[in-house]
Amino acid sequence: MEDRPMELQLARCYYTQGTNGTLLIDGRFICHTIELPWKHNERMVSCIPAGTYAMVKRYSPKFSWHLHLTDVPGRELILLHPANNALAELKGCIAPVSALTGPGLGSRSKPAFQTLMQLLHTAFSIGELVSLRIIPPMVAG
């Protein structure tokens, strides 16, 4: 059996006031997410494009331990960290939330983030590669 990196999947719904998502590992629900609305990948005001990004554990005084998505086209320091209001608290990052309360709005972000970090702890501790695949939205036809 071939070893493969751990891949998280993020399925999104786009709204004018924010982006809501569902985060999965191997098809299993982990939590919801909130992000800024899609504004053509503009820095500081848009969510990032669909694609697959390497994810690494990172420390900063502001967020303590959090997650960093690398090699995002035209962007840098795209993080996963706690927040409950995308427009007020995010600048292109992704926030795990326990429940969605509106477009780009959620609740109980810190517990959702802690659950996510616990799920990834072993992978990071043994040096396993972790990636996030943001799934393009499905178009009804």
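Criteria and thresholds
Residues numbered from 1 in each chain as written. Predicted model: local features only at pLDDT ≥ 70, side-chain atom pairs only at ≥ 80, totals over all residues. Heavy atoms only, no water. Phe/Tyr/Trp six-rings, centres within 6.5 Å; stacked < 30°, edge-to-face > 60°. Buried < 20%, exposed > 50% of the residue type's maximum accessible area, 1.4 Å probe, protein only. Lys NZ or Arg CZ within 6 Å of the ring centre and 35° of its normal. Pairing = 2+ DSSP bridges. Helix = DSSP H or I, 4+ residues; strand = E, 2+ residues; numbered from the N terminus. Axes fitted to C-alpha atoms, helices over the stretch in contact; angles between N-to-C directions. Contact = heavy atoms within 4.5 Å. Polar contact = N/O pair within 3.5 Å; in protein donor to acceptor, adjacent residues only side chain to side chain.

A. The packing of aromatic side chains, seen in detail. Following the criterion strictly, the structure yields 1 aromatic pair and no others. Residues Y59 and W65 carry aromatic rings whose centres are separated by 5.3 Å and whose planes lie at 65° to one another, so their mutual orientation is edge-to-face. On the basis of relative accessibility, which here comes to 48%, the residue Y59 falls in the partly exposed class. In this structure W65 comes out as partly exposed when scored by relative accessible area, which is 45%. The ring of W65 carries the charged tip of K57 above its face, separated from the ring centre by 4.8 Å.

B. Geometry of the sheet that holds strand β4 (residues 51–60). A sheet is described by the order of its strands in space; here 8 strands give the open sequence β6-β5-β4-β10-β1-β2-β3-β7, paired in mixed fashion. Looking along the sheet, the strands with just one partner apiece sit at the ends: β6 (78–80) and β7 (95–97). Averaged over neighbouring strand pairs, the angle between their axes works out to 35° when direction is ignored. Note that β4 and strand β10 (residues 130–135) share 5 bridges and pair antiparallel. Bridge pairing in β10 places A54 opposite S131. Of the strands in this sheet, β1 (6–15), β2 (18–25), β3 (28–35), β4, β5 (64–69), β6, β7 and β10 are in contact with helix α2 (residues 109–125), which crosses β5 at around 75°.

C. Representation of the side chain of R12 in the model. Among the structural elements, R12 can be located in strand β1. Side chain to side chain, R12 and E35 meet in a polar contact 2.7 Å long. Each residue touching R12, except ones within four places of it in the same chain, is listed here: T19, N20, G21, E35, C47, I48, P49, A50, I134 and P137.

D. Quick peek at the environment of L129. Its location among the elements puts L129 in the loop between α2 and β10. The sequence separation of L129 and V56 amounts to 73 residues, and the corresponding C-alpha distance is 8.2 Å.

E. Inspection of the environment of E128 at higher detail. Turning to its location among the elements, E128 is positioned in the loop between α2 and β10. A residue is classified by how much of its surface remains accessible, and E128, at 29% relative accessible area, is partly exposed. In this structure the side chain of E128 is engaged in a polar contact, spanning 3.3 Å, whose partner is the backbone nitrogen of M6.

F. Representation of unusual backbone geometry. Although it is not a glycine, N41 sits at a positive phi angle of roughly 65°. Topologically, N41 is positioned in the loop between β3 and β4. Classification of N41 as buried rests on a relative accessible area of 16%. In the Ramachandran plot, S64 falls in the positive-phi region, its phi being about 60° despite a non-glycine side chain. Locating S64 in the fold gives a position in strand β5. Classification of S64 as partly exposed rests on a relative accessible area of 35%.

G. Region of interest: the pairing of β3. Bridge count for β2 against β3 is 7 bridges, and the pairing is antiparallel. If you follow I25 over to β3, its bridge partner there is R28. Connecting the antiparallel pair β2 and β3 is a turn made up of 2 residues, with D26 showing a positive phi of about 50°.

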